[in-house]
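Structural characterization, general
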Amino acid sequence: MRTRAAVALEAGKPLEVMDVNLEGPTTGEVLVEIKASGVSHSDEFTISAADSEGLFPVILGHEGAGVVLEVGQGVTTLKPGDHVIPLYTPECRRCSCSLSRKANIQRAIRVTQEQKVMPDRTTRFTMRNGTPILHCMGCSTFANHTVLPEMALAKVRQDAPFEKICQIGCVTTGVGAVINTAKVEIGSKAVVFGLGGIGLNVIQGLKLAGAEMIIGVDPDDDRQRWGERFGMTHFVNPLNIEGSLVQHIVKMTKTQFDQIGGADYSFDCTGDAKVMRDALECTHRGWGVCVVTGVAPAGAETQARSFQLVAGRMWKGSTFGSTRGRTDVPRIVELYMEGRIQLDPMITHYLTLDEINAGFDLMRAGKSIRPVVLY
């Protein structure tokens, strides 16, 4: 079939919107009509010259929502008409990681997904001249239609609005890091570094978990109002303080009953190796947990004095909020529909597919939290 897509032809160049060819689903695959797709900083990083692992041409987009049009042989959990959310972290429900229920990283299609091809090592997209087009994170939602493995789709309730729930991937990463990875308790003190889409969702996850003190850290003063909108109680611009940021935060968290100070939990949502170290060192001696959700550029290393870890602090990584996609994403949608988490304020601009490059420009300029493309 013919469909329309925004194609990244090479690194550092704007996407080109064009008609492309799309083969139908084979065994274990599903054809989805994408109704809406979020534009994220992860997509921006993929097309930037900073991503040494970028492969082209590729159709980006990993935050979407749509309707099942057709299923391939062997598909048992989905049917035409189902509303679905693509999962860049699939849930195979058969490998040791998935069955252990201790991790959400599955091995079934991980290698081919990283190679930006389907499980059979081919692509479903081609240009009109026959040139193969790669798949991004197994999703490629910057297209009117896409094909995904059954295990990479979460079925959701049909009354949830596509233009809102398309950003559930970002929400799940932030809220899941709080609930699943850190397991934050009521009354905790927490620090969030970076108040972009992920950071704001960490904040609302902390509010949902009952955290008492939620400190947001960002060099952009405009992010203060955003953080407060989602539940942040204190704001720190690191450019406006004197001396050590770590000591500043430790001082903020001291009380008459706790003169040591430090956050119970911290969350790095920046992908900056130095910030990761600050996020660890500002946590409380003896039990502080630092959760890393940001991905640093290839080759970047974060360091900490061994004493920081020996003293009881802990680094933890979180992919997709330690969420099992097919099982947990429908529950996140339920939380939204019940009014317990916010999605609407996160969306600052609605765009057409032809305007997608303007969405990237808005993000680069810091004028948009999450642009959404409507098809």
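Residues numbered from 1 in each chain as written. Predicted model: local features only at pLDDT ≥ 70, side-chain atom pairs only at ≥ 80, totals over all residues. Heavy atoms only, no water.

Before going further, it helps to examine the layout of surface pockets. Computed from the structure, the second largest pocket encloses a volume of approximately 280 Å³. Surrounding the second largest pocket, 15 residues form its lining, Lys 102, Ala 103, Asn 104, Asn 180 and Ser 322 being those nearest its centre. Those elements giving two or more residues to the lining of the second largest pocket turn out to be helix 5 (168–182) and strand 16 (314–317). Classifying every residue of the lining of the second largest pocket gives two nonpolar, seven polar and six charged. (1 Å grid on protein atoms, 1.4 Å probe; cavity = no way out; pocket = protein on both sides within 12 Å on 5 of 7 lines; lining within 4 Å. Points joined across faces, edges and corners; volume = space filled by probe spheres on them. Helix = DSSP H or I, 4+ residues; strand = E, 2+ residues; numbered from the N terminus. Nonpolar A, V, L, I, M, F, W, Y, C, P; charged D, E, K, R; others polar.)

Sheet faces and side chains relate simply in a regular strand, where the side chains alternate between the two faces. With five of its five residues buried, strand 12 (residues 213–217) lies for the most part within the structure. Residues Met 213, Ile 215 and Val 217 of strand 12 are buried on one face, and the alternating residues Ile 214 and Gly 216, pointing to the opposite face, are buried as well. Direction of pairing for strand 11 (residues 189–193) relative to strand 12: parallel, over a ladder of five bridges. In the sheet register, Val 192 faces strand 12, and the bridge partner there is Gly 216. (Buried < 20%, exposed > 50% of the residue type's maximum accessible area, 1.4 Å probe, protein only. Pairing = 2+ DSSP bridges.)

On to empty space enclosed by the protein. Take a probe with the size of a water molecule and roll it over the atoms, and the empty space left behind shows itself. Per the stated rule, a full pass over the model turns up two cavities of 30 Å³ or more. Volume-wise, the largest cavity comes out at about 70 Å³. Forming the walls of the largest cavity are Leu 87, Pro 90, Ile 109, Thr 112, Gln 113, Val 117, Met 118, Pro 119, His 135, Gly 138, Pro 149 and Ala 152. Among the residues making up the lining of the largest cavity, the classes are represented as eight nonpolar, four polar and no charged. Taken as a whole, the second largest cavity encloses approximately 50 Å³ of empty space. Every residue along the wall of the second largest cavity is listed here: Pro 90, Glu 91, Cys 92, Ser 98, Ala 103, Asn 104, Ile 105, Gln 106, Thr 323, Arg 324 and Gly 325. In terms of residue class, the lining of the second largest cavity is built from four nonpolar, five polar and two charged.

Spatially, 1-2-7-8-4 is the arrangement adopted by the five strands of the closed barrel, whose pairing is mixed. Inspection of the sheet shows strand 1 (residues 2–8) paired to strand 4 (residues 58–59) by two bridges, in the antiparallel sense. Across the sheet, residue Val 7 finds its bridge partner in strand 4, namely Ile 59.

Mapped onto the secondary structure, Ser 48 falls in the loop between helix 1 (41–47) and strand 4. Here the side chain of Ser 48 touches Phe 45 through a polar contact of 2.8 Å, landing on its backbone oxygen. (Polar contact = N/O pair within 3.5 Å; in protein donor to acceptor, adjacent residues only side chain to side chain.)

Overall, the coordinates contain zero disulfides when judged by the stated rule. No disulfide involves Cys 97; its sulfur sits 4.9 Å from that of Cys 95, the nearest cysteine. With no disulfide of its own, Cys 269 has Cys 170 as its nearest cysteine by sulfur position, at a separation of 9.3 Å. (Disulfide = S-S within 2.5 Å.)

Under the definition given, this model contains two aromatic pairs. Between the aromatic rings of Tyr 88 and Phe 320, the centroid separation amounts to 4.9 Å while the plane-to-plane angle is 65 degrees, which identifies the pairing as edge-to-face. Remark: Phe 320 occurs in the loop between strand 16 and helix 11 (325–337) and Tyr 88 occurs in the loop between strand 6 (83–86) and helix 2 (96–100); sequence separation between them is 232 residues. A centroid spacing of 6.3 Å and a plane angle of 80 degrees characterise the contact between Phe 142 and Phe 360, whose relative ring orientation is edge-to-face. You can see Phe 142 sitting in the loop between strand 8 (132–135) and strand 9 (145–149) and its partner Phe 360 sitting in helix 12 (residues 356–364), a full 218 residues away along the chain. (Phe/Tyr/Trp six-rings, centres within 6.5 Å; stacked < 30°, edge-to-face > 60°.)

A few words on the packing of helix 5 against helix 11. Helix 11 packs onto helix 5 with a crossing angle of 95 degrees between their chain directions and a minimal axis gap of 10 Å. Regarding the angle of helix 5 to helix 11, the classification is roughly perpendicular. Listed contacts from helix 11 to Ile 168, Val 171 and Thr 172 of helix 5 are Val 329, Ile 332 and Val 333. Class assignment of the residues belonging to the contact of helix 5 with helix 11 gives a composition of five nonpolar, one polar and no charged. (Axes fitted to C-alpha atoms, helices over the stretch in contact; angles between N-to-C directions. Parallel < 35°, antiparallel > 145°, perpendicular 65-115°, else oblique. Contact = heavy atoms within 4.5 Å.)

Here we take up the domain arrangement of the protein chain. Reports often express the size of an interface as the amount of accessible area lost when the parts come together. When the domains of the protein chain are assigned, the result is domain 1 (2–170 + 322–374) and domain 2 (182–317). Spacing between the C-alpha centres of domain 1 and domain 2 amounts to 29 Å. Taken together, the 13 residues of domain 1 in the interface contact 13 residues of domain 2. Our count for the contact surface shared by domain 1 and domain 2 stands at two residue pairs in polar contact (both at pLDDT 80 or more). The class makeup of the residues in the side of domain 1 that touches domain 2 is seven nonpolar, four polar and two charged. (Domains from an automatic or database assignment.)

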